[in-house]
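For reference, the chains in residue letters:
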Amino acid sequence: MFPASAGRRLDASALMAEIMADADASGFVLEPAQAAAAARLCQLGEAVTVGREGLRRAGLRRPGLLRWRTPRSVYLHGPVGRGKSWLMDSFYRQLPGRKRRIHFHDFFRQLHRGDVELSTG
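Residues numbered from 1 in each chain as written. Predicted model: local features only at pLDDT ≥ 70, side-chain atom pairs only at ≥ 80, totals over all residues. Heavy atoms only, no water.

**Q** I'd like a description of helix α1 (residues 12-26), backed by residues and values.
**A** For α1, with 15 residues, the first-to-last C-alpha span of 21 Å sits near the 21 Å given by 1.5 Å per residue. Within α1, burial applies to A12, L15, M16, E18, I19, D22 and A23. Buried positions in α1, seen along its axis, are confined to an arc of 160° and lie on one side of it. Exposed and facing more than 90 degrees away from the buried side of α1 are S13, D24 and A25. Just beyond α1, the residue with positive phi is G27, at close to 90°. (Helix = DSSP H or I, 4+ residues; strand = E, 2+ residues; numbered from the N terminus. Expected span 1.5 Å × (residues − 1). Buried < 20%, exposed > 50% of the residue type's maximum accessible area, 1.4 Å probe, protein only. Arc of directions from axis to C-beta.)

**Q** Tell me about the confidence of the model for the protein chain, and name the residues and values.
**A** Put simply, the protein chain has an average pLDDT of 79, and 73% of its residues get 70 or more. Predicted confidence in the protein chain is weakest over helix α2 (residues 32-57), with a mean pLDDT of 82, and strongest over α1, with 94. Below a pLDDT of 50 lies the segment residues 1-6, which in the model reaches 16 contacts outside its immediate sequence neighbourhood of four places, other chains included. (pLDDT = per-residue confidence, 0-100. Contact = heavy atoms within 4.5 Å.)

**Q** I'd like a rundown of the packing of aromatic side chains, residues and numbers included.
**A** A complete count under the given rule lists two aromatic pairs for this structure. Ring plane angle 70° and centroid distance 4.7 Å describe the contact between F28 and W86, whose orientation is recorded as edge-to-face. With F28 in the loop between α1 and α2 and W86 in helix α3 (residues 84-94), this pair connects stretches of sequence that are 58 residues apart. By relative accessible area, which is 32% here, F28 ends up partly exposed. Where F107 meets F108, the ring centres are 5.2 Å apart and the plane angle is 85°; that geometry is what we call edge-to-face. (Phe/Tyr/Trp six-rings, centres within 6.5 Å; stacked < 30°, edge-to-face > 60°.)

**Q** Lay out the packing of α1 against α3 in plain terms, naming residues and giving numbers.
**A** For the pair α1 and α3, interaxial distance at closest approach is 10 Å and the crossing angle is 125°. Taken together, the axes of α1 and α3 are oblique relative to one another. Pair α1 / α3 crosses with right-handed handedness. Here L15, E18, I19, D22, A23 and S26 of α1 come into contact with α3, specifically with W86, L87, S90, F91, R93 and Q94. Tallied by class, the residues present in the contact of α1 with α3 amount to six nonpolar, three polar and three charged. (Axes fitted to C-alpha atoms, helices over the stretch in contact; angles between N-to-C directions. Parallel < 35°, antiparallel > 145°, perpendicular 65-115°, else oblique. Left-handed = near helix turned anticlockwise from the far one by under 90°. Nonpolar A, V, L, I, M, F, W, Y, C, P; charged D, E, K, R; others polar.)

Have a look at this one:
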């Protein structure tokens, strides 16, 4: 398993293949609920890595032309020990570019302390 390089375009099936390879290398097989969550994460990954870049490459990312819409996010939830953090970590490693991974509870601790900068738009 190799993390995505900055210039590599990833579609949902490529992301899913990387996550499955990561699971195999870790010695386990995704359960149906994990595979469904992984598939949804891969759709999100495709939207954020291919969507905006695809518009720019097609010359459509200029004021007044097509606007890129922020894709709907994914919220992983479930009982403790079901593989949510592992799945998110595997997905996160596959995505190119600058990013920040923070656990839900840590995010809200920082938010309540005032350490999180929220942006609009």
